[in-house]
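# Close look at the chain arrangement
Here's the letter readout for the chains.
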Amino acid sequence: MSAMAFFSITPIGKEESVSKYVARVVKKVEESGLQWTLTPMGTVIEGETLEDVLKVINEGAEELKDCNRLSISIKIDYRRDRKSGMENKVKSVMNKIDEVR
C-alpha cells in the first residue's frame, strides 16, 4: 500500500508572511520519518498507510495550536495495490515527455 498526500496548513489572521508557521509544520513532517518533499505551494508526504499520513498532518495542525484558525488543504493518492512512491511517479512522467512531443 501507499498513501501520498499533498497538503498545506496556513494560519488565518496572523500575519502576511506564514513561513515561520510552515517551518513548524514541516519540522513535524521531518520528525515523522516518512518520505516528504517541500514545494513552494505545499508539502507532499508519503507513508505506507493513510493513517500514517493523516497522523502527521494532524500533528502539523496541532503544532499550530497558538493559531485560532487554520486553512488546511489536502489532496490524497491512496493505492492499495502497490507501493508507487513519489520518485517513481515523477520518473514515470519524465520518461514519457518525449513521447508526447
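Everything below is about the structure printed above this text.
Model, not experiment: these values are computed from the prediction. (Residues numbered from 1 in each chain as written. Predicted model: local features only at pLDDT ≥ 70, side-chain atom pairs only at ≥ 80, totals over all residues. Heavy atoms only, no water.)

### Considerations on the nonpolar core
Looking at soluble globular proteins, one finds that nonpolar side chains tend to be buried together. If you look at the biggest cluster of nonpolar residues, it comprises 14 residues, and the most contacted ones within it are F7, I9, I45, V53, I57 and L64. Put simply, the parts of the chain that give this core at least two residues each are β1 (2-11), α1 (19-32) and α2 (50-63). Setting aside residues up to four positions removed in sequence, I45 forms contacts with A3, M4, A5, F7, V29, S32, L34, Q35, W36, V53 and V56. (Core = buried A, V, L, I, M, F, W, Y, C linked by side-chain atoms within 4.5 Å. Buried < 20%, exposed > 50% of the residue type's maximum accessible area, 1.4 Å probe, protein only. Helix = DSSP H or I, 4+ residues; strand = E, 2+ residues; numbered from the N terminus. Contact = heavy atoms within 4.5 Å.)

### Details of a nonpolar patch on the surface
On the surface, a nonpolar cluster with roughly 310 Å² of combined accessible area is contributed by L54, I72, I74 and I76. Here the element with the most residues in the nonpolar patch is strand β4 (residues 70-79); it accounts for three residues. The class of I76 is partly exposed, set by a relative accessible area of 42%. (Patch = residues over 30% accessible without salt bridge, like charges linked within 9 Å, V, L, I, M, F, W, Y side chains within 5 Å. Areas by Shrake-Rupley, 256 points an atom, 1.4 Å probe, with all protein chains shown as cover. Salt bridge = Lys/Arg side-chain N within 4 Å of Asp/Glu carboxyl O.)

### Looking at the environment of Y78
In this structure, Y78 sits in strand β4. It is 15 Å that separates the C-alpha atoms of Y78 and K55, two residues lying 23 residues apart in sequence. Filtering out sequence-adjacent residues up to four positions away, Y78 remains in contact with M1, S2, A3 and L50.

### Structural notes on the packing of α1 against α2
In contact at an axis separation of 8 Å, α1 and α2 are set at 145 degrees when each is read in the N-to-C sense. Here α1 and α2 pass one another in a crossing that is right-handed. Contact residues: α1 offers R24, V25, K28, V29 and S32, while α2 offers V56, E59, G60 and E63. A per-class count over the contact of α1 with α2 returns three nonpolar, two polar and four charged. (Axes fitted to C-alpha atoms, helices over the stretch in contact; angles between N-to-C directions. Left-handed = near helix turned anticlockwise from the far one by under 90°. Nonpolar A, V, L, I, M, F, W, Y, C, P; charged D, E, K, R; others polar.)

### Section: α1
Helix length check: α1 (14 residues) gives 20 Å between terminal C-alpha atoms against 20 Å at 1.5 Å per residue, within 8%. Three or more residues of α1 are buried, namely Y21, V25, V26 and V29. Along α1, the residues classed as buried sweep out an arc of 135 degrees about the axis, all on the same side. α1 presents S19 and E30 as exposed residues on the side facing more than 90 degrees away from its buried surface. G33, located one to two residues past α1, shows a positive phi value of around 85 degrees. (Expected span 1.5 Å × (residues − 1). Arc of directions from axis to C-beta.)

### Details of the environment of T43
Structurally, the position occupied by T43 is in strand β3 (residues 42-47). With relative accessibility at 5%, the residue T43 sits in the buried group. As a C-alpha pair, T43 and I74 span 31 residues in sequence and 9.7 Å in three-dimensional space. In this view, T43 contacts A5, F6, F7, V26, V29, W36, T37 and L38; residues no more than four positions away in its chain are not counted.

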